[in-house]
Amino acid sequence: KQEVTQIPAALSVPEGENLVLNCSFTDSAIYNLQWFRQDPGKGLTSLLLIQSSQREQTSGRLNASLDKSSGRSTLYIAASQPGDSATYLCAVDRDDKIIFGKGTRLHILP
Amino acid sequence: GAVVSQHPSWVICKSGTSVKIECRSLDFQATTMFWYRQFPKQSLMLMATSNEGSKATYEQGVEKDKFLINHASLTLSTLTVTSAHPEDSSFYICSARGGNSYNEQFFGPGTRLTVL
């Protein structure tokens, strides 16, 4: 059974700092891994999708890496801004279903 | 491209009534649609998977007679919460596959259901 764990559950950092969010999964047989952002009371915003054959994806200040063999992914946010405050969800896609982690609540301090 | 919409975005209903939520893929044909539920400060939990023209597959613990799913076309799936109770109050999100070659799931904006 696939389990997805995100650490830390919550994180507060001063504006301008770089930070890393972690995601681990128990079954390496995945189709892809996706990082989402969710603002309070809102839906999901897809940030980055990494295919199982890829090792990383970049979009602006965001970089996501994938190590299937160790069952880990990281989301790196450079030069954090108050607008980055949100919950970040890691989701593992096994083609038949997506399993979500519980998320990391990120608060960027102005 | 690859946009998924949900209607309504929020709904308030009395206990005992039924509520229907629509999920539409606006610019692609969705071979498979998924329904998730999210309670406050919790992650998304898959409720069921539906394929056009066939019965939905429900996750363990989800009552199929209470959460009726119909996937009548390649662009529309509906979730009906029957005889809703306050404990059914939640954020319901749908997703759809088929929008690109990566077989990615595209998510709708969600529907907030409040049962009084």
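For the structure, check the block above.
Figured I'd write up the structure that's included with this text. Note that the structure is predicted; figures quoted are calculated from it, not measured.

On to the sheet that holds strand β7 (residues 62-67) of chain A. All names here are of chain A. Strand order in the open sheet made by the five strands is β1-β3-β8-β7-β6, with antiparallel pairing throughout. At either end of the open sheet lies a strand with only one pairing partner, and these are β1 (4-7) and β6 (56-59). Strand-to-strand, the axes of this sheet are offset by a mean angle of 15 degrees, without reference to chain direction. Pairing geometry for β1 and strand β3 (residues 19-25), over four bridges, is antiparallel. Along β3, the bridge assignment pairs I7 with N22.

All chains considered together, the criterion is met by two disulfides over all chains. Paired by a disulfide, C23(A) and C90(A) hold their sulfur atoms 2.0 Å apart. Judged by the sign of its S-S torsion, about -60 degrees, the bond between C23(A) and C90(A) is left-handed. Placement of C23(A) in strand β3 and of C90(A) in strand β9 (residues 86-93) is noted, with a sequence separation of 67 residues between them. Note that C23(B) is cross-linked by a disulfide to C94(B), the S-S spacing being 2.0 Å. With the S-S bond torsion at 80 degrees, the cross-link from C23(B) to C94(B) turns out right-handed. Pair noted here: C23(B) is in strand β3 (residues 19-25) and C94(B) is in strand β9 (residues 90-97), with a separation of 71 residues, a long-range link. Judged on exposure class, the residue C23(B) and its partner C94(B) are both buried.

The rules behind each value
- Residues numbered from 1 in each chain as written.
- Chains lettered and ligands numbered in written order.
- Predicted model: local features only at pLDDT ≥ 70, side-chain atom pairs only at ≥ 80, totals over all residues.
- Heavy atoms only, no water.
- Pairing = 2+ DSSP bridges.
- Helix = DSSP H or I, 4+ residues; strand = E, 2+ residues; numbered from the N terminus.
- Axes fitted to C-alpha atoms, helices over the stretch in contact; angles between N-to-C directions.
- Disulfide = S-S within 2.5 Å.
- Buried < 20%, exposed > 50% of the residue type's maximum accessible area, 1.4 Å probe, protein only.

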